[in-house]
Amino acid sequence: TTIKAAFKGCTNLASVVLPANLTALGTEAFSGCTGLQNVPLPNGLVSIGDSAFYNCPGLTSLVFPPTLTSIGAGAFEACTGLTSLTVPETVTTIGDNAFWACPNLTSFDLPPRFLASIANIGLDYNPALASDALEDGIADRLANNPAFISKLADAIIAKTGHYGLSTQADITNVLNQTPQTVRDVIAEV
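Residues numbered from 1 in each chain as written. Predicted model: local features only at pLDDT ≥ 70, side-chain atom pairs only at ≥ 80, totals over all residues. Heavy atoms only, no water.

Once that is clear, we can look at the overall build of the chain. Check the secondary structure of the chain and you find four helices and seven strands. Along the chain, helices and strands appear, N-terminal first, in the series β-β-β-β-β-β-β-α-α-α-α. Sequence separation of at least 24 residues holds for 23% of the intrachain contacts in the chain that already meet a minimum separation of 6. Split by element, the accessible area of the chain, about 9500 Å² in all, is 54% carbon and sulfur. (Helix = DSSP H or I, 4+ residues; strand = E, 2+ residues; numbered from the N terminus. Contact = heavy atoms within 4.5 Å. Areas by Shrake-Rupley, 256 points an atom, 1.4 Å probe, with all protein chains shown as cover.)

Here it is as structure tokens:
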């Protein structure tokens with residue numbers, strides 16, 4: 001079942017109860033619903049279409065179901081009321097500017113696979129948020145992936161032009177290039 005542009009522009013719509021069997025929110029499903037405040041997303045929802053919640057400033061919180069795999073381009077663009085989001089590990093696709101112009105979004109948990117796409121998905125609108133998401137993602141990758149630690153160390157060593165850390169100065173140089181969040185995680189590993 002898919003809902004496409006069904007409630008577009010319904011500015012007085014405050015809340016919606018979506019059917020339990022809903023698997024996809026189509027393009028512009030709730031676009032421009034400026035009064036929309038509450039939309040519990042059903043378990044079983046697999047995709048949120050392009051601009052599905054574009055310009056819904058009344059949304060202050062949203063919980064993505066663990067079945068979600070796709071978030072479309074501009075899906076939450078201009079949702080100025082959102083303050084916190086957690087994208088589940090099941091999500092494999094996030095469209096361009098999905099979270100653009102969300103200035104009050106201060107907490108954002110993102111699967112590490114999207115670390116290289118932070119600007120594309122719109123988090124560059126808020127540089128502090130983008131930086132936090134990137135650091136948290138790197139810290140998560142470090143904590144849960146010894147092979148990643150090895151690759152990171154190799155990359156840093158290659159960048160410095162050394163094939164090994166032969167002196168205290170080399171070690172200090174590597175540490176100085178490593179953000180404190182990452183250092184903390186390494187210390188715990």
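Picking up after the structure, the text goes on.
The biggest cluster of nonpolar side chains holds 41 residues, and the ones touching the most others in it are Ile 48, Phe 53, Ile 71, Phe 76 and Phe 99. Top element by residues in this core is helix 1 (residues 127-144). It accounts for three residues. Setting aside chain neighbours within four positions, we find Phe 53 in contact with Leu 25, Phe 30, Leu 36, Val 39, Leu 41, Ile 48, Leu 59, Ala 75, Phe 76, Glu 77 and Cys 79. (Core = buried A, V, L, I, M, F, W, Y, C linked by side-chain atoms within 4.5 Å. Buried < 20%, exposed > 50% of the residue type's maximum accessible area, 1.4 Å probe, protein only.)

Another aspect to go through is the environment of Val 39. With respect to the secondary-structure elements, Val 39 resides in the loop between strand 2 (24-25) and strand 3 (47-48). When its relative accessible area of 4% is taken as the criterion, Val 39 is described as buried. Considering only alpha carbons, one finds Val 39 and Ser 61, 22 residues apart in sequence, at a separation of 8.8 Å. In this structure Val 39 touches Val 16, Leu 18, Phe 53, Leu 59 and Leu 62, once residues within four positions along its chain are discounted.

The next thing to look at is the state of the cysteines. This structure, assessed with the given rule, holds zero disulfides. Of all cysteine sulfurs, the one in Cys 79 lies closest to Cys 56, which takes part in no disulfide; the gap is 5.1 Å. Exposure remark for Cys 56: the relative accessible area of 0% places this residue in the buried category. (Disulfide = S-S within 2.5 Å.)

Turning to the pattern of salt bridges, a few remarks are in order. Here the structure, examined in full by the defined rule, presents one salt bridge. The salt bridge involving Lys 8 is made with Glu 28; its shortest N-O contact spans 3.0 Å. With Lys 8 in the loop between strand 1 (2-3) and strand 2 and Glu 28 in the loop between strand 2 and strand 3, this pair connects stretches of sequence that are 20 residues apart. The partly exposed category is assigned to Glu 28, whose relative accessible area is 26%. (Salt bridge = Lys/Arg side-chain N within 4 Å of Asp/Glu carboxyl O.)

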